[in-house]
Amino acid sequence: GCYTSEAGRYAGEQVPQVNKRITADMAAEGSLVKEMAIRHSYPHCWRCKEPVMYRATAQWFIAMEKRDLRAKALAAINEVSWTPAWGQQRIYGMVEARPDWCLSRQRTWGVPVTVLSCVDCGEILKNEAVCVRIDERFTKEGADAWFKYEAADFVPEGVRCSCGSHTFKKESDILDVWFDSGTSHAAVLEERAELRSPADLYLEGSDQHRGWFQSSLLTSVGTRDRAPYKGVLTHGYVVDGQGKKMSKSVGNVVAPQEVIDQYGAEVLRLWVASENYQDDVKVSDEILKHVSDAYRKLRNTLRFLLSNLYDFNPQTDGVGPEALQEIDRWALIKYAELSERVTRAYERYEFHAIYHALHNFCGTTISSIYMDVLKDRLYCETPAGVERRAAQTVIYRILDGLLRLMAPILCFTTAEAWEHLHTMDDKAPLSQSIFFADFAPIADIKRDQEFEERWSKLLSLRSAITRELEVARRDKVIGLGLDAEVVLQVSAEWAEFLSGRTEQLRELCIVSSLRVITEAEADTIFTAAENLPGVAVAVAPAPDAKCERCWTIATTVGEDGEHPALCARCA
């Protein structure tokens, strides 16, 4: 903070304390017109809080108008994909209005401005051999070589200034740090064989439209005539559960390592994916507990699917589409819809949409419906029978595809499950990591609008019946759903729809008996189904005996003399 020899008689004096002496000298010499004190906003260093000192010094600039740099940069902005879309207008306006880029800084650390100038005439030395020598020294010893060696060490024998002088001096300024990071597309992407330039995506916070995104754009357009990236994604900032900025002094900082220690890295990854990063991202213990519960649901679904494939090899035990039951076809269609939705969301970087789609599919489509209904087939049918193998074929396909869709987010979980799945598959060591596997193809899963509409109606009936089963269970009328007989009182239209589908609906509702009538019976109390005009539901205990193996209450229990406690199917 002291004046240098250039300050003459004030050399060595501290800034700004010397100001009083300067004004006193001016007054003594008669050159002071007026002196007064004012209060005004003055820039202070954000790091040490001390006032910033100004000096009138020569600077290095990149001109925005020369060689049409501004116009080329604006054109390049319009060729880039911006996520979210408002990022394009933001950076466009900044580049359109920005002044020339001041490249130099007067600091004692940083990457030097590698310029040599003539001591005699001040002309800049422009010589390819000098550039090569600087490059060689930097490659071998790093940027500190500039400060380590004298100017003459960088000048080959015989190189002279146009004025004839052979004495040069080094530039002492350093480069703006944005130039350092802004040239990473050349220093990193172009230098490594496993990478490519331009980058697929630059990813940072919204403050980088005036920082890294812009410095990268200008250095690339100015030297490569193109943007350094194909896409740019901007995210918000992490705030606490009340939306307040995190601050050490306030004590509301949530450290990633603490989250990993308490919940594990997978929950941290899932939380990141679950939030809409385009806005500020909230995090708190309550939010993390919620995500932790969601993670357990996803993991338990994978475990359940995996556990029912212990005796299944897709090469030898898989069945063709003709052997699948309707609910199997329905599950595959729902899986195909999920795959399309998740793939589209990955392409658009909509990770929170992926989280919700996976959570809903595992929690509702798979756990609450498909696997719940499938348990009877998996546990009670003949082990190698076509009904059970059909269920396993679909489970295998859904699990294999589901793991691929989850892998970019739930890395550890899917890698672990993938290894178990394919070790059971081949009875041999796993040959391929899940991270080298493509998303599974779904083109062969045929969509059928009439089929899907029919199943939508069946599932709406199932929901209505399930609600009444819960009431009956609460009132101690039944214990399990299999203890129940369900009677549906329906209109002629519903009766026609259910003709030939009563047994299918019974299996879907997991009850022992289901009857459809068109007129109310005097001794039965029906409850009208919500949002289903023409449908009313009654639940009562099933009248027959319970099979000890499958727990279904059936008229055939005890008919087999050898197995008197079993129904006909189990016998």
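Parameters at a glance
- Residues numbered from 1 in each chain as written.
- Predicted model: local features only at pLDDT ≥ 70, side-chain atom pairs only at ≥ 80, totals over all residues.
- Heavy atoms only, no water.
- Helix = DSSP H or I, 4+ residues; strand = E, 2+ residues; numbered from the N terminus.
- Rg over C-alpha atoms; globule rule 2.2 N^0.38 Å.
- Buried < 20%, exposed > 50% of the residue type's maximum accessible area, 1.4 Å probe, protein only.
- Contact = heavy atoms within 4.5 Å.
- Lys, Arg positive; Asp, Glu negative; His and termini not counted.
- Charge placed at Lys NZ, Arg CZ, Asp CG, Glu CD.
- Phe/Tyr/Trp six-rings, centres within 6.5 Å; stacked < 30°, edge-to-face > 60°.
- Lys NZ or Arg CZ within 6 Å of the ring centre and 35° of its normal.
- Polar contact = N/O pair within 3.5 Å; in protein donor to acceptor, adjacent residues only side chain to side chain.
- Core = buried A, V, L, I, M, F, W, Y, C linked by side-chain atoms within 4.5 Å.

### Observations regarding the overall build of the chain
So, point 1. For the chain, the helix and strand inventory stands at 19 helices and 17 strands.
So, point 2. For 571 residues, the compact-globule formula gives about 25 Å, and the C-alpha radius of gyration of the chain, at 37 Å, lies well above that figure.
So, point 3. Considered along the principal axes of its C-alpha atoms, the chain spans approximately 125 × 60 × 40 Å.
So, point 4. In the chain, buried positions account for 41% of the 571 residues.
So, point 5. Across the chain, contacts joining residues at least 24 apart in sequence account for 68% of those joining residues at least 6 apart.
So, point 6. Counting 67 positive and 84 negative side-chain charges, the chain places the centres of these two groups 6 Å from one another.

### Describing the environment of Val-267
So, point 1. Topologically, Val-267 is positioned in helix 10 (residues 265–274).
So, point 2. Sequence separation between Val-267 and Glu-507 is 240 residues; the distance between their C-alpha atoms is 36 Å.
So, point 3. If near-sequence neighbours (up to four positions away) are discounted, Val-267 is found in contact with Leu-288, Val-291, Ser-292 and Tyr-295.

### With respect to the packing of aromatic side chains
So, point 1. One pass over the structure, following the stated rule, counts 16 aromatic pairs.
So, point 2. Their ring planes at 65° and their centres at 6.4 Å tell us that Tyr-346 and Phe-351 sit as a pair that is edge-to-face.
So, point 3. Put simply, the rings of Trp-82, Tyr-202, Trp-212, Phe-213 and Tyr-229 pair up and form one aromatic cluster.
So, point 4. Note that Lys-457 overlies the ring of Trp-494, its terminal NZ or CZ placed 5.1 Å from the centroid.
So, point 5. In this structure, Arg-501 packs its charged tip against the face of Phe-497, placed 5.0 Å from the ring centre.

### Focus on unusual backbone geometry
So, point 1. Here the bond from Thr-83 into Pro-84 is cis, since omega is -10°, no more than 30 degrees from zero.
So, point 2. For Pro-84, the position within the fold is in the loop between strand 2 (81–83) and helix 3 (86–97).
So, point 3. Ser-197 connects to Pro-198 through a cis peptide bond whose omega is 5°.
So, point 4. Looking at the secondary structure, you find Pro-198 in the loop between helix 7 (184–189) and strand 8 (199–205).
So, point 5. Look at Lys-49: it is not a glycine, yet its phi comes out positive at around 70°.
So, point 6. Position of Lys-49 relative to the elements: it lies in the loop between helix 1 (19–29) and strand 1 (61–62).

### Considering the environment of Glu-416
So, point 1. Inspection of the secondary structure puts Glu-416 in helix 16 (residues 411–426).
So, point 2. Separated by 18 residues in sequence, Glu-416 and Ile-434 place their C-alpha atoms 9.5 Å apart.
So, point 3. Side-chain polar atoms of Glu-416 contact the side chain of Arg-299, separated by 3.4 Å.

### With respect to the nonpolar core
So, point 1. Ranked by size, the top nonpolar core spans 95 residues in total, and within it Trp-330, Tyr-370, Leu-402, Ile-465, Leu-488, Leu-505 and Val-535 carry the most contacts.
So, point 2. The element best represented in this core is helix 14 (residues 351–380), accounting for 13 residues.
So, point 3. Leave out the neighbours within four places in its chain, and Val-535 touches Leu-461, Leu-488, Gln-489, Val-490, Trp-494, Thr-527, Ala-528 and Ala-529.
So, point 4. Core analysis: the next-biggest nonpolar cluster, separate from the first, contains 26 residues, Ala-73, Leu-74, Leu-175 and Leu-189 among them.

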